[in-house]
Amino acid sequence: MASVTFQNVNKRFGEDVVAVDDFTLTVEDGEFLILVGPSGCGKTTLLRMVAGLEDVTGGEIRIGNKLVNDLPPTERDIAMVFQNYALYPHMTVYENLAFPLRQKKVRKEQARHRVTEVAELLGIGELLGRKPRALSGGQRQRVAIGRALVREPQTFLMDEPLSNLDAQLRVEMRLEIARIQRLLGVATVYVTHDQIEAMTMGDRVAVMRGGKLQQCDTPQDLYDHPKNDFVAGFMGSPPMNLLRADLESTDAGVALVLGAQRLAVPSSYATSHHLPRVDGPGVVFGVRPEDVEVRDVSSADSLITRVERREALGAEILVHLSLVDAEGDNAIVVNDSVAVVARPTMLVAKMGPRSGVSVGDHLQVRLNPDHFHFFDMNSGLSLRRGA
Amino acid sequence: MVVGNVRRAHTVMSARLVLLSAGAVLMILPFAYMLSTSFKPNALVLSIPPQFLPHQVTTSNYTQAWSSNQFGHYFVNSLWVAVVTTLASVLLSAMMAYALARFQFPGRTVAFGLILVGLMVPGLMMLIPQFLLAKKLLLLNSLWGLVVFYTGGNLALNTFLLRSFFQDIPWELEEAMVVDGGGPWTRFWRLILPLSRPALAVVAIFTFLASWDEFTWALTIINDPSKYTLPIGIALFQGQHSTSWGLVFAASAIAIGPVIAIFAIFQRQFVSGIATGAVKA
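Residues numbered from 1 in each chain as written. Chains lettered and ligands numbered in written order. Predicted model: local features only at pLDDT ≥ 70, side-chain atom pairs only at ≥ 80, totals over all residues.

All right, on to the pairing of strand 19 (residues 362–367) of chain A then. Residue and element names in this part refer to chain A. Summarising the sheet, strand 15 (residues 292–295) and strand 19 pair through four bridges and their orientation is antiparallel. Within strand 19, the position partnered with V292 by the bridge is L367. Pairing between strand 16 (residues 302–312) and strand 19: five bridges, direction antiparallel. In the strand pairing of strand 19, R306 is matched with H362. (Pairing = 2+ DSSP bridges. Helix = DSSP H or I, 4+ residues; strand = E, 2+ residues; numbered from the N terminus.)

The following block contains the structure:
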């Protein structure tokens, strides 16, 4: 078993397309690392480079201490689970599982023992005589995982292995994969665009965008302390509310200017963050939907909003709120040209399933002052000191 | 309205059936007449009016055809040539198709273009150059001379068909095999060929038929009667002054046997191969 190290890794397709840009990261031995990001961010390309299915344009990839840039896939001692299972359709489950061992010239008896062991671990012992077409989606996925496990590789690579499964099966397999990974303790790189998978499965999550690593942290740290507005907006469902706001001096300290309304910023943020000057360019202000609470009375840390839309999800309701100006009309808070600010005039709040709010209601909402986020207006980087 | 639609559908269906039946009769009639004639005594072969169902049935044409002119020997020659040609042509064209479908190398497009050009040149135009080449290669008057040139002649079409099929096999399967330790040969033998059975059946049938039926090239390069193939053997029954059609047709009926056997063996694969190609196109 071994670690995987990326050192200034680059990947270009032709002259113009940069798929991976100066990527540096170490996946420790036994660690479960999730690579997450929007489509086209380079996460699958990175995984394929580790597998040896794509050439490395620049930088180094090491598995353990061995530089693998120019090694063929066979000599890298890795195993990969593909998005579409990639089971050999003309072979039985047994033959599929035994194939990598056969290629390694493992003796038949030993191979049979190993295949049986892995099949039992995955609960597919009964299916060994079947062809892949006679299996359900979940069973196929187990076989695909089994084919990776059977080789006892130094590193597991998984490319969105659950994306073709239905929601219920996905939950089940999520737990199953995490369990097996912990059991075997093999360094694993798992690519997904599903945030729930990212948050629940990995020891650490690496967020990518445009080929660049944005942040790599534990799921909770990533959620609580995003290093930039992209990570803040990407992680979490629904994502963090991001509003462009100016800062203003008040008797009590500093306030955020949100259209016609003011929101007091607790003084602690002046020390914990590099807030810009009040006459400066302003900030991108962020607050998570679960930190937006309905209140009965107006206060310095509350805003007047109107309910524009409600989405009942069963266990909770997502309420889309627009900020309201002094006359009770919808305020155009921002004429925003910064693309990262996804909903400049809207806030999304998570409310309990019994909340009796209706579209058109005016609500007084309090934004939890302990969980404010501030990002630089231009670079999008977090203004938190030490971030 | 609905009644009108149903009536129109019935009319269309009836017209289709009539057309299909007429087509089927046109196709089957010569074959049926050949079979019928092969069972007639020689005196009744050209009787007027013609007998579609022979009043007097005899198998003497079959026994005579099989035992005269070393017919059995020609049959074995043809079978050997067709089987070896089919194996060689399918294997070589599969390897070429795999390279053209899956590997990047300089001149790939040009190579494929040349293969397509090969498809467009009529076979008869190649007769003299091929003859000269066969002479240089010492392949005249030899069954290997048939095998080599039949194989070459079938490569273009087979490669073209197989390349299209191979291109549709998902890349991920090959990548999975690469990660599992499979090199190009392993992938070809253990993945591409097993997954291409329908296409391989199609090209095998085409090649077998083409080499089993071939007459002109065989007549051109074979002089030794012991090396004649079946089409030449059947032609021998046609005399300069008279032809015993009963014998010719019995010999032809015998010659059809292996073709029917090949179809029966590969039928399922053949049909699904044709269907797969149609859907993917």
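Continuing now.
Listed by partner, the interface residues are 17 residues for chain A and 12 residues for chain B. Only strand 6 (78–81) and helix 2 (93–103) of chain A provide two or more residues apiece to the side of chain A that touches chain B. A per-class count over the side of chain A that touches chain B returns 12 nonpolar, four polar and one charged. (Contact = placed C-beta atoms within 7 Å. Nonpolar A, V, L, I, M, F, W, Y, C, P; charged D, E, K, R; others polar.)

This brings us to the domain arrangement of chain B. All names here are of chain B. As assigned here, chain B comprises domain 1 (2–44) and domain 2 (63–280). In this structure, domain 1 and domain 2 have C-alpha centres spaced 32 Å apart. Residue-level contacts link six residues of domain 1 with seven residues of domain 2. Of the residues assigned to the side of domain 1 that touches domain 2, the class counts are two nonpolar, three polar and one charged. (Domains from an automatic or database assignment.)

A word on the sheet that holds strand 6 of chain A. Residue and element names in this part refer to chain A. Across the sheet, which stays open at both edges, the six strands sit in the order 6-7-8-3-9-10 with mixed pairing between neighbours. A strand with exactly one partner marks an edge of an open sheet, and here the two such strands are strand 6 and strand 10 (212–217). Each neighbouring strand pair of the sheet contributes to a mean axis angle of 20 degrees, computed without reference to strand direction. Bridge count for strand 3 (residues 32–36) against strand 9 (residues 204–209) is four bridges, and the pairing is parallel. Bridged to L33 within strand 9 is R204. (Axes fitted to C-alpha atoms, helices over the stretch in contact; angles between N-to-C directions.)

All names here are of chain A. In the contact formed by helix 3 (residues 108–122) and helix 4 (residues 137–149), the axes pass within 10 Å of each other and the chain directions differ by 140 degrees. With respect to helix 4, the axis of helix 3 lies oblique. Every pair of crossing elements has a handedness; the one defined by helix 3 and helix 4 is right-handed. On helix 4, the residues that touch V118, A119 and L122 of helix 3 are R142, I145, G146 and L149. (Parallel < 35°, antiparallel > 145°, perpendicular 65-115°, else oblique. Left-handed = near helix turned anticlockwise from the far one by under 90°.)

Moving on to the environment of L97(A). Its place among the elements puts L97(A) in helix 2. Those residues in contact with L97(A) that sit more than four places away from it in its chain are V115(A), V118(A), A119(A), V143(A), G146(A), R147(A) and V150(A).

Grouped burial of nonpolar side chains is what soluble globular proteins tend to show. One finds L35(A), V50(A) and A251(B) to be the most contacted residues of the largest nonpolar core, which totals 155 residues. The greatest single-element share of this core, amounting to 10 residues, is contributed by helix 3 (residues 71–102) of chain B. Not counting residues up to four positions away in its chain, the partners in contact with V50(A) are V4(A), I61(A), I78(A), L157(A) and V189(A). (Core = buried A, V, L, I, M, F, W, Y, C linked by C-beta atoms within 7 Å. Buried ≥ 20, exposed ≤ 12 C-beta atoms within 10 Å, placed from the backbone.)

A few words now on helix 5 (residues 167–184) of chain A. Residue and element names in this part refer to chain A. Between its terminal C-alpha atoms helix 5 stretches 26 Å, which fits the 26 Å expected from 18 residues at 1.5 Å a residue. Listed in full, the buried residues belonging to helix 5 are R170, I177 and Q181. Projection of helix 5 onto a plane perpendicular to its axis shows the buried side chains occupying an angular sector of 30 degrees, all on one side. In helix 5, the exposed residues that point more than 90 degrees away from the buried face are Q168, E172, L175, R179, R182 and L183. Structurally, helix 5 contributes buried residues whose contacts are with strand 3, helix 4, strand 8 (187–192) and helix 6 (195–201). Just past helix 5, the residue G185 takes up positive phi, approximately 65 degrees. (Expected span 1.5 Å × (residues − 1). Arc of directions from axis to C-beta.)

Here we take up the domain arrangement of chain A. Residue and element names in this part refer to chain A. Taken domain by domain, chain A comprises domain 1 (4–234) and domain 2 (241–376). Taking only C-alpha atoms, the centre of domain 1 and the centre of domain 2 are 39 Å apart. Its residues assigned to classes, the side of domain 1 that touches domain 2 comprises three nonpolar, two polar and one charged.

Looking now at the packing of helix 2 of chain A against helix 4 of chain A. Residues and elements named next belong to chain A. Contact geometry for helix 2 and helix 4: axes closest at 7 Å, N-to-C directions at 25 degrees. Judged on the interaxial angle alone, helix 4 and helix 2 are roughly parallel. For the pair helix 2 and helix 4, the crossing hand works out as right-handed. Residues V93, N96, L97 and P100 of helix 2 touch helix 4, and the partners they reach there are V143, G146 and R147. Class assignment of the residues belonging to the contact of helix 2 with helix 4 gives a composition of four nonpolar, two polar and one charged.

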